[in-house]
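Each chain, letter by letter, is given below.
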Protein chains: 2
Amino acid sequence: MKNEKPKVIFLDVLETLLDINPLKEEIAKLLGGRRDLAECWFTNLLLYSLVDTLNDRLHTFREVAFSSFEMLATANNIVYTKDEVLKVLNLVSQAPPHSDVPEGLRLLKTAGYKLVTLTNSSHTTVNEQIHFAGIDEYIDACISVDDIGYFKPHRHVYRRAAERMGVEPEDCLLIAAHGWDIAGALESGMRAAFIARKNSALYTLAQNPEIAEDTLIDVADQLIQL
Amino acid sequence: MKNEKPKVIFLDVLETLLDINPLKEEIAKLLGGRRDLAECWFTNLLLYSLVDTLNDRLHTFREVAFSSFEMLATANNIVYTKDEVLKVLNLVSQAPPHSDVPEGLRLLKTAGYKLVTLTNSSHTTVNEQIHFAGIDEYIDACISVDDIGYFKPHRHVYRRAAERMGVEPEDCLLIAAHGWDIAGALESGMRAAFIARKNSALYTLAQNPEIAEDTLIDVADQLIQL
């Protein structure tokens, strides 16, 4: 119910909490310095994770990330070694938080909210990420698609995540910086709040979230007032 | 069955038969001359068509194409008018065939193959496309996702397309220039042949197609020998 405090707040991780631009810079270096290809790499990663989901073939997000790299390199005649690519992909565990994130999480936590990450990355990765980013004290639980068998934004992911927390989807709110994630959460019956990071936008053919702001602090300010 | 002639050959249209680079050039002009954003636009179009498919919300491919444009423009603070974007999107009906396509289709047709387009675009669009490209004489039928309710590469699209033609998926072969399309066709039980157009690559986590060549003529040469 809008105007009521959600019982659980789910948080997307990559780009929502953590800044993966340093990772993209390193991917770009492997792709002949082409930053545009690094952006393509991330979008392709999302695209192919959905190709897997549609056809019930779940690989890990890391496997799809590697495959997306391979595809781009092949299509652009770029030479690489598997080791150097895997080494760069490991940087996903060392992504810094966006500058507004520690304070935003602190505000939400102080207001009594239960905070749960919900990510396409594996359990191991998300645990490393929140520890490296120094935000583990704010996070009550981490749910990964590892537990579920689909990638976001399949609505089942959000529904199963709510189930895991012992609540109904309508008692949950997802905070995310991607239009596709917001669309999937709203389809599942969850509520949603969008953070407009650089290059991110809402999916204009989907429902609108109840909150759309530029930072997690601004989102938290609104949620605290409920 | 491999080593037997497929009863129906399905053909993907955009990028497989038709060259949409002129369309992408016009999209780039609307996006401040940024050709990299035009590539992102097409990948986002594919991504968001799958977001719709996952959540049973079928818009037309054109609607998703427009929305993908809007999202990129918004995220990059680019001003546009709806009319100019729709006008550019209309160019999808005037895409020239790749240079190898008329001869490739002629070879397949002369060998007695039944040729059917299978595309995410609407019926109206594909009919305009094959007429404009001057290849309608080779095409026996056009199947669009309009008829089916999912976008490719959901395996149901391929299965329903086979059903429409009165054959089993294993009696069909899809020719496509996208790794995701090949992956979906193989998941459905169809056979597949890949054409490596500029920037295209096979999905390395999916099964391999029985044929992978650089042109439709080379693909046709192999299919004729079956």
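Cut-offs applied
Residues numbered from 1 in each chain as written. Chains lettered and ligands numbered in written order. Predicted model: local features only at pLDDT ≥ 70, side-chain atom pairs only at ≥ 80, totals over all residues. Heavy atoms only, no water. Pairing = 2+ DSSP bridges. Helix = DSSP H or I, 4+ residues; strand = E, 2+ residues; numbered from the N terminus. Axes fitted to C-alpha atoms, helices over the stretch in contact; angles between N-to-C directions. Contact = heavy atoms within 4.5 Å. Least-squares fit on C-alpha atoms with pLDDT ≥ 70 in both. Domains from an automatic or database assignment. Buried area = accessible area lost by both parts, 1.4 Å probe. Salt bridge = Lys/Arg side-chain N within 4 Å of Asp/Glu carboxyl O. Polar contact = N/O pair within 3.5 Å; in protein donor to acceptor, adjacent residues only side chain to side chain. Buried < 20%, exposed > 50% of the residue type's maximum accessible area, 1.4 Å probe, protein only. Arc of directions from axis to C-beta. Disulfide = S-S within 2.5 Å. Parallel < 35°, antiparallel > 145°, perpendicular 65-115°, else oblique. Left-handed = near helix turned anticlockwise from the far one by under 90°. Nonpolar A, V, L, I, M, F, W, Y, C, P; charged D, E, K, R; others polar. Phe/Tyr/Trp six-rings, centres within 6.5 Å; stacked < 30°, edge-to-face > 60°. Lys NZ or Arg CZ within 6 Å of the ring centre and 35° of its normal.

Colleague: Which parts of the structure should I look at to understand the sheet that holds strand β5 (residues 191-195) of chain B?
Modeller: Note on sheets: strands pair through backbone hydrogen bonds, and any given pair is parallel or antiparallel. Residues and elements named next belong to chain B. If you trace the six strands from one edge of the open sheet to the other, you get β3-β2-β1-β4-β5-β6, paired in parallel fashion. The open sheet is flanked by β3 (141-144) and β6 (211-213), the only strands paired with a single partner. Strand-to-strand, the axes of this sheet are offset by a mean angle of 20 degrees, without reference to chain direction. Taken together, the three bridges between strand β1 (residues 8-11) and strand β2 (residues 115-119) define a ladder with parallel strand orientation. Looking across to β2, one finds that F10 is bridged to V116. Against the sheet, helix α7 (residues 155-164) engages β1, β2, β3 and β4 (172-176), with an angle of about 150 degrees to β2.

Colleague: Explain the relation of the copies chain B and chain A here, please?
Modeller: Here the second copy of the chain follows from the first by a rotation about an axis and a shift along it. The operation relating chain B to chain A is a screw motion whose rotation component is 180 degrees, with 0.0 Å of axial translation and a residual RMSD of 0.0 Å. Put plainly, the chains are arranged around a two-fold axis. Among all residues of chain B, the minimum C-alpha distance to the rotation axis is found for L47 of chain B, at 2.4 Å. A high fraction, 100%, of the interface residues of chain B reappear at the interface in chain A, so the copies pair face to face through one surface.

Colleague: Just checking my understanding: could you explain the domain arrangement of chain A for this structure?
Modeller: Where the parts come together, the accessible area they lose is often given as the size of the interface. Residues and elements named next belong to chain A. Assigned domains of chain A: these are domain 1 (8-19 + 96-224) and domain 2 (21-94). Each partner contributes residues to the interface: domain 1 has 20 residues there, and domain 2 has 17 residues. The contact between domain 1 and domain 2 buries some 1,600 Å² in all, and 66% of this surface belongs to carbon and sulfur atoms. For the interface between domain 1 and domain 2, the tally reads one salt bridge. Notably, a salt bridge pairs K24 with E15, separated by 2.7 Å at the nearest N-O pair. Where domain 1 packs against domain 2, one counts five residue pairs in polar contact (both at pLDDT 80 or more).

Colleague: What should I look at first to understand the interface of chain B and chain A in this one?
Modeller: Listed by partner, the interface residues are 39 residues for chain B and 39 residues for chain A. In total, chain B and chain A occlude about 3,400 Å² of area from one another, counting both sides; carbon and sulfur atoms represent 63% of this. Interface area lost by chain B to chain A is led by L54, N55 and Y203 of chain B, which between them contribute 20%. Across the contact surface, chain B and chain A share four salt bridges.

Colleague: Explanation requested: the pairing of strand β1 (residues 8-11) of chain A in the structure shown.
Modeller: Successive residues of a regular strand alternate their side chains across the two faces of the sheet. All names here are of chain A. The alternating pattern of β1 places V8 and F10 on one face and I9 and L11 on the opposite face, and all of these are buried. In terms of strand pairing, β1 meets strand β4 (residues 172-176) through four bridges, oriented parallel. Among the inter-strand pairings, I9 is bridged to a residue of β4, identified as L173.

Colleague: I'm lost on helix α6 (residues 123-132) of chain A in this one. Help?
Modeller: All names here are of chain A. Along α6, the positions that sit buried rather than exposed are T125, V126, Q129 and I130. For α6, the angular spread of the buried residues around the axis is 120 degrees, confining them to a single face. Exposed positions of α6 whose direction lies more than 90 degrees from the buried face are T124 and H131. Where α6 is buried, its residues contact β2 (115-119) and β3 (141-144).

Colleague: Would you mind going over the state of the cysteines with me for this structure?
Modeller: Disulfide: a covalent bond formed between the sulfur atoms of two cysteine residues. Within the structure shown, the criterion is met by zero disulfides over all chains. No disulfide involves C142 of chain A; its nearest neighbouring cysteine sulfur is the one of C172 of chain A, lying 16 Å away. By relative accessible area, which is 17% here, C142 of chain A ends up buried. Of the cysteine sulfurs around C40 of chain B, a residue in no disulfide, the closest is that of C40 of chain A, at 4.8 Å.

Colleague: Honestly, the packing of α7 of chain B against helix α8 (residues 179-188) of chain B in this entry has me stumped. Any pointers?
Modeller: The packing of two helices is summarised by the inter-axis angle and the distance between the axes. All names here are of chain B. In the contact formed by α7 and α8, the axes pass within 8 Å of each other and the chain directions differ by 60 degrees. One way to sum up the angle between α7 and α8 is to call them oblique. Crossing geometry of α7 relative to α8 is assigned as right-handed. Residues R155, Y158 and R159 of α7 form the contact with α8, whose participating residues are W180, D181, G184, A185, E187 and S188. Looking at the contact of α7 with α8, its residues break down into three nonpolar, two polar and four charged.

Colleague: Explain the packing of aromatic side chains to me, please; I cannot follow it from the model alone.
Modeller: The description of two aromatic rings rests on the distance between their centres and on the angle between their planes. Residues and elements named next belong to chain A. Inspection of every chain in the model, using the stated rule, returns eight aromatic pairs over all chains. With centroids separated by 5.3 Å and ring planes inclined at 85 degrees, the aromatic side chains of F69 and Y80 adopt a geometry described as edge-to-face. Of this pair, F69 sits in helix α3 (residues 61-75) while Y80 is found in the loop between α3 and α4 (82-89), placing the two residues eleven residues apart along the sequence. For F69, a relative accessible area of 0% corresponds to the buried category. Directly above the aromatic system of F66 lies the positively charged group of K82, at a separation of 5.3 Å from the ring centroid.

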